Structures are given as structure tokens and as C-alpha cells.
Amino acid sequence: MTALRVPKFVRRRHADGRSEDDWAMDDWASRVHSELALELPDEDIVEDLDDCLDFYRLGSKPRCEEIEYLALVRDARDRIDQGWPA
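Within each chain, residues carry numbers counting from 1 in the order of the written sequence. The predicted nature of this model means local features are confined to residues of pLDDT at least 70 and side-chain atom pairs, given and counted, to a pLDDT of 80 or more, with totals for whole chains, interfaces and linings taken over all residues. Side-chain metrics rest on all non-hydrogen atoms present in the structure, leaving aside hydrogens and water.

1. Comments concerning the overall build of the protein chain
Counting its regular elements, the protein chain contains three helices and zero strands. Helix and strand assignments follow DSSP, with helices taken as H or I runs no shorter than four residues and strands as E runs no shorter than two, numbered in order from the N terminus. Each helix and strand of the protein chain, placed in order from N terminus to C terminus, yields the pattern α-α-α. A 1.4 Å probe rolled over the protein chains alone gives each residue an accessible area, and that area as a share of the maximum for its type sets the label: buried under 20%, exposed over 50%, partly exposed in between. Buried positions account for 24% of the 86 residues belonging to the protein chain. Contacts are residue-level and defined by heavy atoms, with any inter-residue pair within 4.5 Å sufficient. A fraction of 48% describes how many contacts in the protein chain between residues 6 or more apart in sequence connect residues 24 or more apart. If you sum the accessible surface of the protein chain, you get close to 7,100 Å²; carbon and sulfur atoms cover 52% of it. Residue burial considers only the protein chains on display, and all accessible areas are found by Shrake-Rupley using a 1.4 Å probe.

2. As for the nonpolar core
Leu36, Leu40, Ile45, Leu49, Cys52, Tyr69 and Val73 are the most contacted members of the largest nonpolar core, which has 16 residues in total. Counting only elements with at least two residues in this core, the list comes to helix H1 (20–39), helix H2 (49–54) and helix H3 (63–82). If one sorts the elements of this core by residue count, H3 sits on top with six residues. Residues in contact with Leu40, not counting those within four places in the same chain, are Ile45, Tyr69, Leu72 and Val73. Here the nonpolar core consists of buried residues drawn from Ala, Val, Leu, Ile, Met, Phe, Trp, Tyr and Cys, with membership extended through side-chain atoms lying within 4.5 Å.

3. Examining the packing of aromatic side chains
The rule is short: rings of Phe, Tyr and Trp, with Trp giving its six-membered ring, pair when the centres are within 6.5 Å, and they are stacked under 30 degrees, edge-to-face over 60, tilted in between. Enumeration over the complete set of coordinates arrives at one aromatic pair. The cationic tip of Lys61 hangs over the ring face of Tyr69; the distance from NZ or CZ to the ring centre is 4.7 Å. Comment: the charge-over-ring label is applied if NZ (Lys) or CZ (Arg) is within 6 Å of the ring centre and within 35 degrees of the ring normal.

4. Quick look at H3
In a regular helix each residue adds 1.5 Å, so 20 residues correspond to 28 Å; H3 covers 28 Å between its end C-alpha atoms and thus fits that length. Among the residues making up H3, those that are buried are Glu66, Tyr69, Leu70, Leu72, Val73, Ala76 and Ile80. All buried residues of H3 lie within an arc of 160 degrees about the axis, which places them on one face of the element. For H3, the exposed residues lying more than 90 degrees away from the buried face are Arg63, Cys64 and Gln82. The first or second residue beyond H3 is Gly83, which carries a positive phi of 90 degrees. For a helix, the expected span equals 1.5 Å multiplied by the residue count minus one. The directions from the helix axis to the C-beta atoms are what the arc is built from.

5. Focus on the pattern of salt bridges
By definition, a salt bridge exists where a carboxyl oxygen of Asp or Glu is found within 4 Å of a side-chain nitrogen of Lys or Arg. All chains considered together, the criterion is met by six salt bridges. Among the salt bridges present, the one from Glu35 reaches Arg79, with a minimum N-O distance of 2.8 Å. One end of the pair, Glu35, is in helix H1; the other, Arg79, is in helix H3, and 44 residues separate them in sequence. What makes Glu35 partly exposed here is its relative accessible area of 26%. Under the relative-accessibility criterion, Arg79 is labelled partly exposed at 24%. Within the structure, one salt-bridge network assembled from shared partners comprises Arg31, Glu35 and Arg79.

Quick look at the structure:
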């Protein structure tokens with residue numbers, strides 16, 4: 001028995017109407033969030049990283065920790081915005 005192959009130009013849709021690309025992007029965002037949570041285990045990282053940056057109070061941490069925290073969150077946000085790595 002041979003497996004049926006679907007050409008790459010055919011986009012599959014799930015029951016909720018989302019494509020494979022949508023699912024891959026969600027998986028990518030989840031992966032980036034998980035990596036960020038591992039790098040910042042003591043922080044409460046919300047799903048929307050822009051909220052983490054918008055609601056952060058400057059001076060609430062020692063300066064070196066603050067710089068590292070903000071850099072890691074910005075990097076994670078940018079990685080999610082750029083999408084799945086090529």
C-alpha cells in the first residue's frame with residue numbers, strides 16, 4: 001500500500017479553518033515562549049510580549065538584570081514576529 005502524497009501547493013485546513021502554516025506559527029511562538037521562560041525562570045511571562053515591555057517599570061530591578069530582561073523579551077518578540085526560521 002502506498003501513501004497518498006499531497007502536493008506542496010495544496011494547503012490543508014483543519015476543522016477550525018486554520019491552515020498548516022497557522023499551526024506551525026503557533027507552535028513556533030510557543031517554542032519561543034518556552035525558551036524565554038527557561039532563560040527567565042523567576043519572571044511571570046505573559047503571552048503577549050508587547051505587554052511585558054509596555055507594563056514593565058524601569059528601575060524595578062538592578063540595572064544589569066533590567067538590561068538582560070528587556071533584551072531577552074525584545075529578542076523573543078522579534079523572533080516570533082519574524083516567523084518560523086528558514
